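# Structural overview for review
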Amino acid sequence: MDTLEGRSFSAAAPASRQFDSSRWLLNEESSLNPDRRFLLAHIQFDKPIVRASGNYLYDANGNAYLDFLAQYGAVPFGHNAAVIWDAVMNVRSAEEPSLVQPLIAPAAEALAAKLVAISPCGPGYVTFTNSGAESVEAAIKLARARTHRKMILGTHRGFHGKTLGAVSATGTETYRAPFLVDTTQFDHVPYGDLAALEQRLKAGDVAAFIVEPIQGEAGMIAPPAGYLAGAQALCKAAGALFILDEIQTGLGRTGTLFAAEHDGLKPDILLLAKALGGGLVSLGACICSERTWVADFGLYHSSTFANNHLSCAVGVAVLEELLRGDGQLVRQVAAHGAYLRHGLQRLVERYPAAYGAVSGLGLMQGVTLAPWAGSDSYFLSHASSTGTAVPLICGYLMAEHRILTAPTFNNSGVLRIEPPLTITIAEIDRLLFALEDVARLLTDGDFARLFEFITGAADTPAALPEPHLFERSSAHG
């Protein structure tokens, strides 16, 4: 019997049916994506993770890694959060159903009511989905049904997912070209450029404009002041729906429950996923205002696994945790995000040879790596110009400091810093200490030390600072 938060459950299975993990753990064999495995191996990221607790991941050798990735924001309260497992175990102990289509799932009704009550869309309706990309797909269908227009307008370097409709709205050709995606009913304008948006809307053919409050995969880019409010007004004047993609920014990530709150936005459609599943289940939502809803969408859009009681019970627990104590955790995110930003900005100022800029908001920050010149090494120049420099830095942070980070997808020159919302000041200090270590090596040109982890030589984590050390000496000047 294994235990979880004081509860027990049977993990036993007949020997003939048990899965032998030793084959792929020890021999590194895998039937999963070989191209991805090849890339992971080159930065020593091909580590089987066998346990997770709080803000830490543990590999098969017992090494603990501080998680500053949080599965791209999908793990809000740390791994295996008790409040999320409690919701699951409550469903089990009460023998509540999970899939009951086409009948009524009580948790789906409850979660929809809670989302409508707190959403900046105002009174309206919720369509549950199984992922962020599916939330985008639902929004595209709803927008076309509502407006009787086909054109969906996105932004350059925006990211909305990789299913056919979502990847068409995504503003990066790289994700579309290999798959011969037909984008004749999709267009893109520069992010932050109201004049370009206004000009494109004049054609009168746009069903909806979909935009992120912060462009996560483009490098954690925040728009100019007034851009989102201006975009919303332009869409209303042009008869186009305003879709706010909060799949990554929503549910506390930026220091408010929704990033829309920073600009007082009231979108026609707001999209959620990632954190809504509590780091345990796959759950998304397409929330719309009353006037945006249309019967054709309600009658002809559905999903077998959407509205399932178990996932929505988890979603209810997520919202209750975020709202607990009058939003205490969200306020903490705002404070810790400001602390993190101050420390990162100081590193950028102190080490211009290492870091070029910092961007983002709350616990969704990006650090741009300064270009590596080719005067000393063709390898360094090539790595910098081809976008492999940040993955190499991620490998060093993983091997030397036991900290998990990753690049942003659409701008591999930016280091993504996106920890669980429960990250502590001491853990932020640990990251800042590690990034200062990287900065010193880059400034000194000590690339041999920086990259020795590739050979497996760097196997002992660097000494950690006292919890208050970086705060006194760096983050507050």
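Now for a quick tour of the structure. (Residues numbered from 1 in each chain as written. Predicted model: local features only at pLDDT ≥ 70, side-chain atom pairs only at ≥ 80, totals over all residues. Heavy atoms only, no water.)

### Comments concerning helix 14 (residues 425-444)
- With 20 residues, helix 14 should reach 28 Å at 1.5 Å per residue; the first-to-last C-alpha distance of 28 Å fits that figure.
- Most of helix 14 is tucked away: 14 of the 20 residues are buried.
- Positive phi appears at Gly445, one or two residues downstream of helix 14, with a value of about 70°. (Helix = DSSP H or I, 4+ residues; strand = E, 2+ residues; numbered from the N terminus. Expected span 1.5 Å × (residues − 1). Buried < 20%, exposed > 50% of the residue type's maximum accessible area, 1.4 Å probe, protein only.)

### Looking at the sheet that holds strand 15 (residues 403-404)
- The mixed open sheet is built from four strands, whose spatial order is 3-4-5-15. The outermost strands of the open sheet, each flanked by one partner alone, are strand 3 (49-53) and strand 15.
- Relative to strand 5 (residues 64-67), strand 4 (residues 56-59) is paired through three bridges, and the arrangement is antiparallel. Among the inter-strand pairings, Tyr58 is bridged to a residue of strand 5, identified as Ala64. (Pairing = 2+ DSSP bridges.)

### What to know about the nonpolar core
- Counting residues in each nonpolar core, the largest one holds 107 residues, and the members touching the most others are Leu115, Phe128, Phe209, Leu322, Tyr355, Trp372 and Leu435.
- Sort the elements by how many residues they give to this core and helix 11 (residues 309-350) lands first, with 16 residues.
- Beyond its immediate stretch of four places on either side in the chain, Leu115 contacts Val126, Phe128, Leu272, Ala285, Ile287 and Leu319.
- Judged by nonpolar contacts, the second largest core, of 25 residues, contains Ala139, Ala166, Ala208 and Val294. (Core = buried A, V, L, I, M, F, W, Y, C linked by side-chain atoms within 4.5 Å. Contact = heavy atoms within 4.5 Å.)

### Digging into the side chain of His301
- Within the fold, His301 resides in the loop between helix 10 (295-300) and helix 11.
- Classification of His301 as buried rests on a relative accessible area of 15%.
- A polar atom in the side chain of His301 sits 2.9 Å from the side chain of Lys141. (Polar contact = N/O pair within 3.5 Å; in protein donor to acceptor, adjacent residues only side chain to side chain.)

### Looking at the environment of Val367
- In this fold, Val367 is placed in strand 14 (residues 364-369).
- By relative accessible area, which is 5% here, Val367 ends up buried.
- Remark: the alpha-carbon pair of Val367 and Arg416, spanning 49 residues in sequence, is separated by 6.9 Å.
- The residues contacting Val367, other than those within four sequence positions of it, are Leu344, Tyr355, Ala357, Val358, Gly413, Val414, Leu415 and Ile417.

### Things to note about the pattern of salt bridges
- Applying the stated criterion across every chain yields a total of 12 salt bridges.
- Residue Asp268 is joined to Arg291 by a salt bridge in which the shortest nitrogen-to-oxygen separation is 2.6 Å. Placement of the pair is Asp268 in the loop between strand 10 (241-245) and strand 11 (269-272) and Arg291 in the loop between strand 12 (284-289) and helix 10, with a sequence separation of 23 residues.
- For Asp268, a relative accessible area of 9% translates into the label buried.
- Residue classification places Arg291 among the exposed positions, given a relative accessible area of 52%.
- Between Arg416 and Glu418 there is a salt bridge, with the nearest N and O atoms lying 3.0 Å from each other.
- The exposure class of Arg416 is buried, given its relative accessible area of 0%. (Salt bridge = Lys/Arg side-chain N within 4 Å of Asp/Glu carboxyl O.)

### Section: helix 8 (residues 194-201)
- Listed as buried for helix 8 are Leu197, Arg200 and Leu201. Angularly, the buried residues of helix 8 cover 100° about the axis, an arc narrow enough to put them on a single face. With respect to the buried face of helix 8, the exposed residues turned more than 90 degrees away are Ala195 and Gln199.
- Structurally, helix 8 contributes buried residues whose contacts are with strand 7 (151-155), strand 8 (186-189), strand 9 (206-211) and helix 9 (227-238). (Arc of directions from axis to C-beta.)

### A word on unusual backbone geometry
- In the segment running from Gln101 into Pro102, the intervening peptide bond is cis, with an omega of 0°.
- Although it is not a glycine, Asn80 adopts a positive phi angle of roughly 55°.
- Position of Asn80 relative to the elements: it lies in the loop between helix 3 (70-73) and helix 4 (82-93).
- Unusually for a residue other than glycine, Glu95 sits at a positive phi of about 55°.
- Structurally, Glu95 can be placed in the loop between helix 4 and helix 5 (106-118).

### Re the packing of helix 11 against helix 14
- Across the interface, helix 11 lies against helix 14 with an axial gap of 10 Å and an inter-helix angle of 15°. Between helix 11 and helix 14, the crossing angle belongs to the class labelled roughly parallel. Crossing geometry of helix 11 relative to helix 14 is assigned as right-handed. Residues His336, Tyr339, Leu340, Gly343, Leu344, Leu347 and Arg350 of helix 11 pack against Ile425, Ile428, Asp429, Leu431, Leu432, Leu435 and Glu436 of helix 14.
- Among the residues forming the contact of helix 11 with helix 14, the class breakdown is nine nonpolar, two polar and three charged. (Axes fitted to C-alpha atoms, helices over the stretch in contact; angles between N-to-C directions. Parallel < 35°, antiparallel > 145°, perpendicular 65-115°, else oblique. Left-handed = near helix turned anticlockwise from the far one by under 90°. Nonpolar A, V, L, I, M, F, W, Y, C, P; charged D, E, K, R; others polar.)

### Describing the packing of aromatic side chains
- Within this structure, the stated rule accounts for seven aromatic pairs.
- With centroids separated by 6.0 Å and ring planes inclined at 50°, the aromatic side chains of Phe159 and Phe409 adopt a geometry described as tilted. In this pair, Phe159 sits in the loop between strand 7 and helix 7 (164-169) while Phe409 sits in the loop between strand 16 (406-408) and strand 17 (411-417), placing the two residues 250 residues apart along the sequence.
- According to the relative accessible area criterion, Phe409 is partly exposed, its value standing at 35%.
- A centroid spacing of 5.9 Å and a plane angle of 35° characterise the contact between Phe447 and Phe451, whose relative ring orientation is tilted. Taken together, the residues span about one helical turn, with Phe447 and Phe451 both in helix 15 (residues 447-451) at a distance of four residues.
- The exposure class assigned to Phe451 is buried, which follows from its relative accessible area of 10%. (Phe/Tyr/Trp six-rings, centres within 6.5 Å; stacked < 30°, edge-to-face > 60°.)

### Looking at the sheet that holds strand 10
- With mixed pairing, the seven strands of this open sheet are ordered in space as 6-12-11-10-9-7-8. What marks the edges here is a single partner per strand, and that holds for strand 6 (124-129) and strand 8. Looking at each pair of strands side by side, their axes are set apart by 20° on average, direction ignored.
- Note: strand 7 against strand 8, four bridges, orientation parallel. In the sheet register, Ile152 faces strand 8, and the bridge partner there is Phe186.
- Contacts from helix 5 reach strand 6, strand 11 and strand 12 within the one sheet, and its direction differs from that of strand 6 by about 125°.

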